[in-house]
Amino acid sequence: MSSTSYTYLLITSRSGSLIYHLSLSPPSSSPALTTNDYLRIGSTLHSLKAITSQCSPVPGDGGMRTVDFGEGRMRVMQTETGMMFVLAARGGGAHDQTMAHCLTDIYAAWADWVVKNPFWEVDMPARGSRFGEEVKAICQRH
Amino acid sequence: MLQAGTGRSTSSHPLDRPLSRRPGEVSLAAFTLLFSELVQLHQVRSSSVPEFEAALCDAGRQVGSRALQVHWIREGKKTRETRILGILQFLSSTIWPGLFNKKADSLERGVSSKSEYMIHDANPLPTVFCEVPRSLGGMNPNAFVSGIIQGVLETAGFGCDVTAHRADEGGSGTRTVFLVNFHDDVVERDEMLEG
């Protein structure tokens, strides 16, 4: 049983457009985000990732990876192909390393259930439900 | 084969070596990415769902034809199978594991018709990652597997038509039934051999 309370998962393409979003918490506990909200958050985080990689104190760094909200955390993972995975969680149990591992597993699930689906086009929004089920199962394990 | 003067045997020609009993394994990821490209190619070329499924079925038939020959020789069989049940059992318990690493879930005979048989598979391997969008309606990429079955049976001398049907209610799950409808002359021949 997971000790972390995940809130949402968001995936953007190379260009910053939203290709996937999933709410991971029951609707009663946190305010529901609409698709427009996810779109705005996605494109903002995409720009922030690019800006922070330029102003980072470490030269050649990838940019923003973790955002600490005190009682919550957001972990960002950018892939070699330029996609960005954003996982948000709340509560004291949201550890950075746990979320990083969770994101790696989610990326592996993406490589299976979305990339290998012949009916998904690269950089287009992913609509399959199977990937969503896998993400929920992965979050349960972490 | 000994070569004079060297005292050592030369290695046999590749064509003289026996066909390996252990088939090579292919990574599922590699296959499904290739299959994904095949599906996309036919999606672009076809102008209707039946045409799309027929194209995948044709691709499968070529696989089935070769699969039958390879597995038949590997089993060391020297004579042809002449009975419907015999060839279907070979398909579900030898060819299916050879291709998909598992036996077909079950094989049944149609209740209403003498020419109908059903092969069940809870999650056919080639289409395990396929999720058909609603815009394509009832399109079933398992037409490829239907083609494999048809290729096997036709090459063995049992003319038939094979179609794939979703067995789950709502049509969203992966349980599939492959309906094999043998041609009349095949059914007649099988009845004669029984008698």
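In what follows, the structure referred to is the one given above.
What counts, and at which threshold
- Residues numbered from 1 in each chain as written.
- Chains lettered and ligands numbered in written order.
- Predicted model: local features only at pLDDT ≥ 70, side-chain atom pairs only at ≥ 80, totals over all residues.
- Heavy atoms only, no water.
- Helix = DSSP H or I, 4+ residues; strand = E, 2+ residues; numbered from the N terminus.
- Expected span 1.5 Å × (residues − 1).
- Buried < 20%, exposed > 50% of the residue type's maximum accessible area, 1.4 Å probe, protein only.
- Contact = heavy atoms within 4.5 Å.
- Salt bridge = Lys/Arg side-chain N within 4 Å of Asp/Glu carboxyl O.
- Pairing = 2+ DSSP bridges.
- Axes fitted to C-alpha atoms, helices over the stretch in contact; angles between N-to-C directions.
- Parallel < 35°, antiparallel > 145°, perpendicular 65-115°, else oblique.
- Nonpolar A, V, L, I, M, F, W, Y, C, P; charged D, E, K, R; others polar.
- Core = buried A, V, L, I, M, F, W, Y, C linked by side-chain atoms within 4.5 Å.

Just to check I follow, could you spell out helix H4 (residues 143–155) of chain B for this structure?
Counting along an α-helix, one turn takes 3.6 residues, and residues three or four places apart therefore face a common direction. Residues and elements named next belong to chain B. Compared with an ideal rise of 1.5 Å per residue, which puts 13 residues at 18 Å, H4 spans 18 Å between its outermost C-alpha atoms and is within 8% of the ideal. Judged by how many residues are buried, H4 sits mostly within the fold: 11 of 13 residues are covered. Residues Ala 143, Phe 144, Val 145, Ser 146, Gly 147, Ile 148, Ile 149, Gln 150, Gly 151, Val 152 and Leu 153 constitute the buried set of H4. For H4, the elements touching its buried residues are helix H1 (28–45), helix H2 (49–74), helix H3 (84–100), strand E2 (116–121), strand E3 (160–166) and strand E4 (176–182).

What is the right way to look at the pattern of salt bridges in this model?
Oppositely charged side chains can form a pair if their charged atoms are brought close together. In this structure the tally under the stated criterion is 15 salt bridges over all chains. A salt bridge links Glu 154 of chain B to Arg 61 of chain B; the shortest N-O distance between them is 3.2 Å. With Glu 154 of chain B in helix H4 and Arg 61 of chain B in helix H2, the pair connects residues that are 93 residues apart, well separated along the chain. Looking at Glu 154 of chain B, the relative accessible area reads 28%, which means it is partly exposed. Sharing partners across several salt bridges, the network here consists of Arg 73, Arg 75 and Asp 96 of chain A.

Honestly, the sheet that holds strand E2 (residues 18–23) of chain A in this entry has me stumped. Any pointers?
Two modes of strand pairing occur in sheets, parallel and antiparallel, and in both the strands are linked by backbone hydrogen bonds. All names here are of chain A. Here 5 strands make up an open sheet; going across it, the order is E2-E1-E5-E4-E3 and the pairing antiparallel. Each edge of the open sheet is held by one strand with a lone partner, namely E2 and strand E3 (66–68). Here the average twist between neighbouring strands, direction ignored, is 15°. As defined by bridge partners, strand E1 (residues 5–12) adjoins E2 across 5 bridges and the pair is classed as antiparallel. Note on E2: the bridge partner recorded for Ile 11 is Tyr 20. Against the sheet, helix H1 (residues 35–55) touches E1, E2, strand E4 (72–78) and strand E5 (84–90), its axis set at about 70° to E1. Docked against the sheet, helix H3 (residues 129–141) engages E1 and E2, running at close to 50° with respect to E2.

Even after reading the chapter, I still don't get the packing of H2 of chain B against H3 of chain B, so can you show me in this structure?
When two helices pack together, their arrangement is given by the angle between their axes and by how far apart the axes lie. All names here are of chain B. At a closest axis distance of 10 Å, the pairing of H2 and H3 adopts a crossing angle of 95°. Classified by the interaxial angle, the pair formed by H2 and H3 is roughly perpendicular. Facing H2, whose interface residues are Ala 67, Leu 68, His 71 and Trp 72, H3 presents Ile 87, Phe 90, Thr 94, Ile 95, Gly 98 and Leu 99. Among the residues forming the contact of H2 with H3, the class breakdown is 7 nonpolar, 3 polar and no charged.

It is not clear to me how the nonpolar core should be interpreted in this structure. Could you clarify?
What tends to happen in soluble globular proteins is that the nonpolar side chains get buried as a cluster. Core analysis: the largest hydrophobic core is formed by 40 residues, its most contacted members being Trp 96, Ile 119, Ile 149, Leu 153, Val 180 and Phe 182 of chain B. Considering each element in turn, this core owes the most residues, 8 residues, to H3 of chain B. For Ile 149 of chain B, the residues in contact, after removing those within four places along its chain, are Leu 91, Trp 96, Ile 119, Val 162, Phe 178 and Val 180 of chain B. Membership of the second largest hydrophobic core comes to 29 residues, among which are Tyr 20, Trp 110 and Val 114 of chain A together with Phe 129 of chain B.

Would you take a moment to explain the sheet that holds E2 of chain B for this structure?
All names here are of chain B. Overall, antiparallel pairing links the 4 strands, which are arranged E1-E2-E4-E3 in an open sheet. Unpaired on one side and paired on the other, strand E1 (106–109) and E3 mark the two borders of the sheet. If you compare each strand with its neighbour and ignore which way they point, the axes differ by 20° on average. Alignment of E2 against E4, held across 6 bridges, turns out to be antiparallel. Looking at the pairing, His 120 lines up with Val 177 of E4. Those strands touched by H3 are E1, E2 and E4, and its axis lies near 10° from that of E2.

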